[in-house]
Amino acid sequence: MRNRYIDLLRALAIARVVVYHTTGWAVLTIAFPAMGVMFALAGSLMAASLDTHGVRAVGRRIRRLLPPLWMTAALFVPAMLVSGLKLDHRLLLWLLPLNDPPANGWGSLALSVIWYLRDYLWFVLVSPLALVLFRRFPVPMVLAPLALLGAIQLGLPANTVVADFGLYFGCWLLGFAHHDGMLARMPRPLLLGLAAACALPGAAWFLTHPGPRGFDLNDIRLGDGLWTTGFVLVILGLAPPAASWVDRLAGVRRVVTVLNGRAVTIYLWHMPIVVGVTAVLIRYGLWHEDATGLALRLAIVVALVVLVVTMFGWVEDVAARRKPVLVPGGRRIPAPRPVVRERMARPLTGSTGQAVSAG
């Protein structure tokens, strides 16, 4: 049975990412650190999948992630090749992005969000071993990414993948803790104390070390990692056992269902849409930083995201081996029941002559 609280958090995270990239509001990275939340939720689901399917869960997760990427690459890679992208063996990374796949010019920005899929793949691949180690040494395992993050801040050389393990893998491990019920069993004062012990130094760091865009946490990795860890501890540690109210509100249920069922498509396509809309608005002098300009950009981006989801979102259904639909979560029409004439209807009876239930 689906955990609607996790579905709600993932829907909020996806929506926040789209709004952030459309508006550039740095405060959103503090108010709701969406990427850390998404990795934490994915970690919880990965632990559940490993418990159910064993190591096969790795292949199942990768299978659900890659086809939407391949659809995107099938459209954008030829366009980049036409515009000057070098044809070489590194293009194979578009099939399995264990490192950043090549892009050029406009593609480098429009497809910059691929880093999330890269990190997700690595986290999935190491999860079978990481889950075993986490269940034996939970505290050292959660502290290890933060220690790595601090060491990199002090000058330890690391490539992008290793650096992102320091930044986000701790959130993935907190997802393990959520799945195992560790956070729910933790006394509230201890949980909130640990969250404060992470979040407060994180806040002190980013407030005293602003980046080129001010307090945008994407530019302040140490502050981002500490603040996000504290945030995830709170939202998962205080998670309700269920969020059934989501399904009682038809509008909320539909939005949450669509955002979850098309999360990868929305994530992959929203940035090319934002880049394209920005270029067109600037070209025709329609770019404005006031409320009207922001509302116009957001409305156009959302409309185009809806269009793309309708056109390509079915790939996620195929990847998950579900029946493809244009928009998930629609009302299902029950199959017509056969009409039986009353005079021909007879009760089913057993050998004793007593009526037997048909189901």
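Heads up: the structure comes first, above all this text.
The structure presented is a predicted model; accordingly, all values stated were derived computationally and were not measured. Along each chain, residue indices are assigned from 1 in the same order as the chain's sequence is written. For this predicted model, a pLDDT threshold of at least 70 governs which residues receive local features, and a threshold of 80 or more governs which side-chain atom pairs are given and counted, while totals over whole chains, interfaces and linings are taken from all residues. As a rule here, side-chain values come from all non-hydrogen atoms in the structure, and water together with hydrogens is ignored.

J.: What am I meant to see in the packing of helix α7 (residues 138-153) against helix α11 (residues 221-237) here?
T.: Helix-helix packing is characterised by the crossing angle of the two axes and by the distance between the axes. All axes here are fitted lines through C-alpha atoms, helices being fitted over the stretch that makes contact, and every angle between N-to-C directions spans 0 to 180 degrees. The helix and strand labels rest on DSSP assignments: H or I over at least four residues marks a helix, E over at least two residues marks a strand, and numbering proceeds from the N terminus. For the pair α7 and α11, interaxial distance at closest approach is 9 Å and the crossing angle is 165°. Between α7 and α11, the interaxial angle falls into the category roughly antiparallel. Viewed along their axes, α7 and α11 form a crossing whose handedness is left-handed. Note on element contacts: α11 touches α7 through Arg 221, Leu 222, Gly 225, Leu 226 and Thr 229, opposite Leu 146, Leu 149, Gly 150 and Gln 153. Angle categories are assigned with fixed cut-offs, so that under 35 degrees is roughly parallel, over 145 is roughly antiparallel, 65 to 115 is roughly perpendicular, and the rest are oblique. Helix crossings fall into two classes, left-handed where the near helix is turned counterclockwise from the far one by less than a right angle and right-handed where it is turned clockwise. What makes two residues a contact is simply this: any of their non-hydrogen atoms within 4.5 Å.

J.: In this structure, what is going on with the pattern of salt bridges? I would like to understand it.
T.: In a structure, side chains of opposite charge can pair up when their charged atoms sit close to one another. Salt bridge, as applied in this entry: a Lys or Arg side-chain nitrogen positioned within 4 Å of an Asp or Glu carboxyl oxygen. Overall, the coordinates contain 15 salt bridges when judged by the stated rule. Here Asp 119 ties to Arg 118 by a salt bridge, and the two come within 3.0 Å at their closest N and O atoms. By the burial criterion, Asp 119 is buried, and Arg 118 matches it. The closest approach of N and O atoms between Arg 297 and Glu 289, which form a salt bridge, is 4.0 Å. Arg 297 sits in the buried class, given a relative accessible area of 2%. Residue Glu 289 is classed as exposed on the basis of its relative accessible area of 55%. It is possible to trace a salt-bridge network through shared partners that takes in Arg 2, Arg 4, Asp 7, Arg 10 and Asp 247. Partly exposed residues are those whose accessible area sits between 20% and 50% of the maximum for their type, while under 20% is buried and over 50% is exposed, using a 1.4 Å probe and protein chains only.

J.: Help me out: how do you make sense of the packing of aromatic side chains in this one?
T.: Describing an aromatic ring pair means giving the distance of the ring centres and the angle of the ring planes. For Phe, Tyr and Trp, rings pair up if their centres lie within 6.5 Å, where Trp contributes its six-membered ring, and each pair is then called stacked (planes under 30 degrees apart), edge-to-face (over 60) or tilted (otherwise). Going through the model one piece at a time under the given rule, you end up with 19 aromatic pairs. Measuring from ring centre to ring centre gives 5.8 Å for Phe 206 and Trp 227, while their planes differ by 85°; the resulting arrangement is edge-to-face. Of this pair, Phe 206 sits in helix α10 (residues 188-208) while Trp 227 sits in helix α11, and the two are 21 residues apart along the sequence. Using a relative accessible area of 3% as the deciding quantity, one classes Phe 206 as buried. Among the aromatic residues, ring-to-ring pairing joins Phe 39, Trp 115, Tyr 116, Tyr 120, Phe 123, Phe 165, Tyr 168, Phe 169, Trp 172 and Tyr 267 into one connected group. We note Arg 283 situated over the ring of Tyr 284; from NZ or CZ to the ring centre the distance is 5.4 Å. Our definition puts a charge over a ring when NZ of Lys or CZ of Arg is within 6 Å of the ring centre and also within 35 degrees of the ring normal.

J.: Honestly, the environment of Val 315 in this entry has me stumped. Any pointers?
T.: Relative to the helices and strands, Val 315 resides in helix α16 (residues 314-319). Those residues in contact with Val 315 that sit more than four places away from it in its chain are Pro 67, Pro 68 and Met 71.

J.: So what exactly am I meant to see when it comes to the packing of helix α1 (residues 4-23) against helix α13 (residues 250-261) here?
T.: Here α1 crosses α13 at 75°, and the two axes come no closer than 9 Å. Considering their axes alone, α1 and α13 lie roughly perpendicular with respect to each other. Note on element contacts: α13 touches α1 through Arg 253, Val 256, Thr 257, Leu 259 and Asn 260, opposite Arg 4, Asp 7, Leu 8, Arg 10, Ala 11 and Ile 14. Just so you know the grouping, Ala, Val, Leu, Ile, Met, Phe, Trp, Tyr, Cys and Pro go in nonpolar, Asp, Glu, Lys and Arg go in charged, and all remaining residues, Gly too, go in polar. Grouping the constituent residues of the contact of α1 with α13 by class yields five nonpolar, two polar and four charged.

J.: I keep staring at unusual backbone geometry and nothing clicks. Help me out?
T.: Glycine aside, the phi torsion of most residues is negative, and most peptide linkages are trans. Although it is not a glycine, Arg 321 adopts a positive phi angle of roughly 60°. Residue placement: Arg 321 occurs in the segment after α16.

J.: Looking at this structure, I do not really get a nonpolar patch on the surface. What am I missing?
T.: Two distance rules govern patches: like charges are joined within 9 Å, and nonpolar side chains (Val, Leu, Ile, Met, Phe, Trp, Tyr) within 5 Å, applied only to residues with over 30% relative accessible area and no salt bridge. Shrake-Rupley sampling with a 1.4 Å probe provides the accessible areas, and residues are treated as covered by the protein chains on show and by no other component. The grouping of Trp 70, Leu 92, Leu 95 and Leu 96 at the surface amounts to a nonpolar patch, some 390 Å² of accessible area in total. Mapping Leu 95 onto the fold places it in the loop between α4 (56-82) and α5 (106-110). Classification of Leu 95 as partly exposed rests on a relative accessible area of 46%.

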